Amino acid sequence: MVLKNLNYPLDFKFKITTLASDFNITDKNGNYVAYVRQKMFKLKEDVIVFNDESKTQELFRIRANKWIDFNASYSLNDIVDNKNYGRMARKGMRSIWKASYDILDANDQPKFKVQEDNAWVRFWDSFVGELPIIGMFTGYFLNPSYTVTGVDGKAYFKLKKMPSFFGRRFQLDRLIDIDDNEESLVILSLLMMTLLERARG
């Protein structure tokens with residue numbers, strides 16, 4: 001199953017009423033695209049993408065290859081068509097300062113790179129976030145963004161953390177058209193990355 005004919009921008013909105021890291025994905029018209037749930041109490045990250053919040057149909061599964069997240073790799077699998085899209089690989093120690101991920105296809109060939117746009121935003125978010133009272137409001141004015149570029153050097157997608165009290169909203173926009181399979185590969189990678197980056201702060 002490929003994700004196609006999507007009306008951008010897509011909104012990722014985390015639920016704050018559950019202990020698990022769950023979020024809804026809707027398009028610009030408010031229509032459901034998917035519901036994402038990260039399984040709790042797992043040594044290795046295990047994420048299920050459902051058709052909607054009712055969780056009646058499992059569409060995709062994202063699993064980590066190791067329980068330590070430095071240099072971890074995340075396989076991106078289509079449950080409906082029993083297909084592997086590829087994997088997303090985290091960039092080890094460099095991700096402490098500035099987030100960086102590689103996206104590889106099913107043949108393990110590099111296709112895209114995800115790079116945090118401004119490391120200073122994260123620095124000040126971490127610093128100010130420790131201050132009493134003021135730190136509660138960093139989600140309104142310190143919000144990182146990430147750009148997805150292809151091996152051709154072109155920017156294909158932009159993911160932004162949107163102003164919100166609990167850091168619960170992200171927005172994904174497509175900058176230029178892309179093949180349906182590659183679009184699915186990128187979106188699945190960004191779903192996992194959003195979970196990782198939100199947990200990171």
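The shown structure was predicted, so the numbers you read here are calculated from the model rather than taken from an experiment. (Residues numbered from 1 in each chain as written. Predicted model: local features only at pLDDT ≥ 70, side-chain atom pairs only at ≥ 80, totals over all residues. Heavy atoms only, no water.)

1. A short note on the environment of Lys111
Working step 1: For Lys111, the position within the fold is in strand S9 (residues 110–116).
Working step 2: Each C-alpha atom, one on Lys111 and one on Val151, is 5.7 Å from the other, the two residues being 40 residues apart in sequence.
Working step 3: Apart from residues lying up to four places away in sequence, Lys111 is in contact with Ile103, Leu104, Asp105, Thr149, Gly150, Val151, Glu182 and Leu185. (Helix = DSSP H or I, 4+ residues; strand = E, 2+ residues; numbered from the N terminus. Contact = heavy atoms within 4.5 Å.)

2. Description of the pattern of salt bridges
Working step 1: Counted according to the given criterion, the structure contains 12 salt bridges.
Working step 2: For Lys15, the salt bridge is made with Glu53, and the minimal N-O distance between the two is 2.4 Å. Of the two residues, Lys15 is situated in the loop between strand S1 (10–14) and strand S2 (21–26) and Glu53 in the loop between strand S4 (46–50) and strand S5 (58–64); the sequence distance between them amounts to 38 residues.
Working step 3: For Lys15, a relative accessible area of 22% corresponds to the partly exposed category.
Working step 4: Close ionic contact of Asp46 with Arg63 constitutes a salt bridge, the shortest N to O distance being 3.7 Å. (Salt bridge = Lys/Arg side-chain N within 4 Å of Asp/Glu carboxyl O. Buried < 20%, exposed > 50% of the residue type's maximum accessible area, 1.4 Å probe, protein only.)

3. Considering the packing of aromatic side chains
Working step 1: One pass over the full model with this rule turns up six aromatic pairs.
Working step 2: Here Phe60 and Tyr85 contribute two aromatic rings whose centre-to-centre distance is 6.3 Å and whose plane-to-plane angle is 50 degrees, an arrangement assigned as tilted. Remark: Tyr85 occurs in strand S7 (residues 83–90) and Phe60 occurs in strand S5; sequence separation between them is 25 residues. The pair Phe60 / Tyr85 is uniform in exposure class, with both members buried.
Working step 3: Measuring from centroid to centroid gives 5.6 Å for Phe112 and Tyr156, while their planes differ by 85 degrees, and the two rings are edge-to-face. Placement of Phe112 in strand S9 and of Tyr156 in strand S11 (residues 155–161) is noted, with a sequence separation of 44 residues between them.
Working step 4: When its relative accessible area of 6% is taken as the criterion, Phe112 is described as buried.
Working step 5: The class for Tyr156 is buried, based on a relative accessible area of 12%. (Phe/Tyr/Trp six-rings, centres within 6.5 Å; stacked < 30°, edge-to-face > 60°.)

4. Side note on the side chain of Asp22
Working step 1: With respect to the element layout, Asp22 can be found in strand S2.
Working step 2: The exposure class assigned to Asp22 is buried, which follows from its relative accessible area of 0%.
Working step 3: Side chain to side chain, Asp22 and Tyr35 meet in a polar contact 2.6 Å long.
Working step 4: Ignoring sequence-local partners within four residues, the contact set of Asp22 consists of Lys13, Phe14, Lys15, Tyr35, Val36, Arg37 and Gln38. (Polar contact = N/O pair within 3.5 Å; in protein donor to acceptor, adjacent residues only side chain to side chain.)

5. Structural notes on the sheet that holds strand S12 (residues 169–174)
Working step 1: Taken in spatial order, the 12 strands of this closed barrel run S1-S2-S3-S4-S5-S6-S7-S8-S9-S10-S11-S12, and their pairing is antiparallel. Neighbour-to-neighbour, the strand axes of this sheet turn through a mean angle of 20 degrees, independent of strand direction.
Working step 2: Examined bridge by bridge, strand S8 (residues 100–105) and S9 share five bridges and lie antiparallel to one another. By the bridge assignment for S9, Asp102 is matched with Lys113. (Pairing = 2+ DSSP bridges. Axes fitted to C-alpha atoms, helices over the stretch in contact; angles between N-to-C directions.)

6. What about unusual backbone geometry?
Most peptide bonds take the trans form, and the phi angle of most residues other than glycine is negative.
Working step 1: At the junction of Tyr8 and Pro9, the peptide bond is cis and its omega measures out at 0 degrees in the coordinates.
Working step 2: Among the structural elements, Pro9 can be located in the segment before S1.
Working step 3: One non-glycine residue, Lys55, lies in the positive phi region at around 60 degrees.
Working step 4: Relative to the helices and strands, Lys55 resides in the loop between S4 and S5.
Working step 5: Even without a glycine there, the phi angle at Asn82 is positive, about 50 degrees.
Working step 6: The topology assignment puts Asn82 in the loop between strand S6 (73–78) and S7.

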